[in-house]
Amino acid sequence: MDIVIQVNNQSNGRDKLARLFQYTSRLLWHQLESRNANKYSIDRIKSLENAMSSFRKVLRMGRCIDICYMALNTMHIEDPFLRMSLTVSKIAHALFLYADHVVWLAKSGFLKTDSDKWSKTANRFWLLSIIANLARDIYEILHLLEVNHATLLKTSELLGCSIKHFDLQRSLKHVYTIIHCHRDIFIDTLKNSCDLFIPLTALGFTRLNPSAVGALGAISSLAALVTVIKPITKLLPA
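Analysis parameters
- Residues numbered from 1 in each chain as written.
- Predicted model: local features only at pLDDT ≥ 70, side-chain atom pairs only at ≥ 80, totals over all residues.
- Heavy atoms only, no water.
- Helix = DSSP H or I, 4+ residues; strand = E, 2+ residues; numbered from the N terminus.
- Polar contact = N/O pair within 3.5 Å; in protein donor to acceptor, adjacent residues only side chain to side chain.
- Contact = heavy atoms within 4.5 Å.
- Axes fitted to C-alpha atoms, helices over the stretch in contact; angles between N-to-C directions.
- Parallel < 35°, antiparallel > 145°, perpendicular 65-115°, else oblique.
- Left-handed = near helix turned anticlockwise from the far one by under 90°.
- Nonpolar A, V, L, I, M, F, W, Y, C, P; charged D, E, K, R; others polar.
- Expected span 1.5 Å × (residues − 1).
- Buried < 20%, exposed > 50% of the residue type's maximum accessible area, 1.4 Å probe, protein only.
- Core = buried A, V, L, I, M, F, W, Y, C linked by side-chain atoms within 4.5 Å.
- Patch = residues over 30% accessible without salt bridge, like charges linked within 9 Å, V, L, I, M, F, W, Y side chains within 5 Å.
- Areas by Shrake-Rupley, 256 points an atom, 1.4 Å probe, with all protein chains shown as cover.
- Salt bridge = Lys/Arg side-chain N within 4 Å of Asp/Glu carboxyl O.

Let us look at the side chain of Thr87. Secondary-structure assignment places Thr87 in helix H5 (residues 80-107). From its side chain, Thr87 meets the backbone oxygen of Arg83 in a polar contact 2.6 Å long. Setting aside its immediate chain neighbours within four residues, Thr87 contacts Ala71, Thr74, Met75 and Leu82.

Here it is, written out as structure tokens:
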């Protein structure tokens, strides 16, 4: 119960929780549809997905301004790669939210504009933001490998030693220890890797069915919820 209260007390937590319901609903209705289930049940789950999507759009209204302000802070990060990747990510995310606001206002009847065009624009900016975040994740992973190069078995050493002398259990245990000690990098990479295919599919670059998109979105949402519940698992600077 304490976890539920903690999530509900934060707008970001409510957004991630609604996102989990949104993508889980997409997974469910497509699975039911592929099994020729009751049409009424499918329509109800689709309505839940649309309701969660609309709720999230309202919840994030004006959030693009906050993200722009956060981009000003990332411009002062000393590490040049982190400064560039995080700033690009923030600006792209802010533009994504702005375009998403326009889509919601158009579908609500407040604006007369091409909502499909704005939706594609929003997905392009979202994709750019995710790519910048993944670039940062790869940078962090490479740095982590460099720090632990003395204790990790190199490829040349693996090929040079016999299978008989290779201690797989010890190596796996060491990898697990690294991942456990750096859960922030692992969770952030998992989240961004799953998110990547959602705008790619929306833009037509990949052809994933709604079940796959729903599953990826649900996994990404769970990873994001972990960082809300346990802030220590959030990759910083963010």
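This next bit is on the packing of helix H2 (residues 11-34) against helix H10 (residues 210-229). In the contact formed by H2 and H10, the axes pass within 8 Å of each other and the chain directions differ by 160 degrees. For the element pair H2 / H10, the angle class is roughly antiparallel. For the pair H2 and H10, the crossing hand works out as left-handed. Grouping the constituent residues of the contact of H2 with H10 by class yields 13 nonpolar, 10 polar and three charged.

Turn by turn, an α-helix covers 3.6 residues, leaving residues three or four places apart pointing in a common direction. For H2, which comprises 24 residues, the first-to-last C-alpha distance of 35 Å matches the rise-based estimate of 34 Å (1.5 Å per residue) to within 8%. Among all positions in H2, only Gly13, Asp15, Ala18, Arg19, Leu20, Gln22, Tyr23, Ser25, Trp29 and His30 are buried. Immediately downstream of H2, the backbone of Asn36 shows phi near 55 degrees, a positive value.

Attention now moves to the packing of H5 against helix H6 (residues 115-147). Where H5 contacts H6, the axes come no closer than 8 Å and their chain directions differ by 160 degrees. Put simply, H5 runs roughly antiparallel to H6. Seen along the crossing, H5 lies across H6 with a hand that is left-handed. Among the residues forming the contact of H5 with H6, the class breakdown is 20 nonpolar, eight polar and four charged.

With 28 residues, H5 should cover 40 Å at 1.5 Å per step; its first-to-last C-alpha distance of 40 Å lies within 8% of that length. Capping the start of H5, Asp79 holds a side-chain oxygen 3.0 Å from the backbone nitrogen of Phe81, two or three residues further along. Two residues or fewer after H5 comes Gly109, characterised by a positive phi angle close to 90 degrees.

This part covers the nonpolar core. Across soluble globular proteins, nonpolar side chains show a tendency to be buried alongside one another. Core analysis: the biggest nonpolar cluster contains 16 residues, and Tyr23, Phe96, Leu97, Trp126, Ile130, Leu196 and Ile198 have the highest contact counts within it. Taken together, the elements giving at least two residues each to this core come down to helix H4 (63-74), H5, H6 and helix H9 (183-202). Of all the elements, H6 adds the most residues to this core, at five residues. Every residue in contact with Trp126, bar those within four places of it in the chain, is listed here: Arg19, Tyr23, Phe96, Asp195, Ile198 and Pro199.

A cluster of nonpolar side chains, namely Tyr69, Leu72, Met75, Ile91 and Leu95, defines an oily patch on the protein surface of about 480 Å² accessible area. Within the residue set of the nonpolar patch, elements represented by two or more residues are H4 and H5. Secondary-structure assignment places Leu72 in helix H4.

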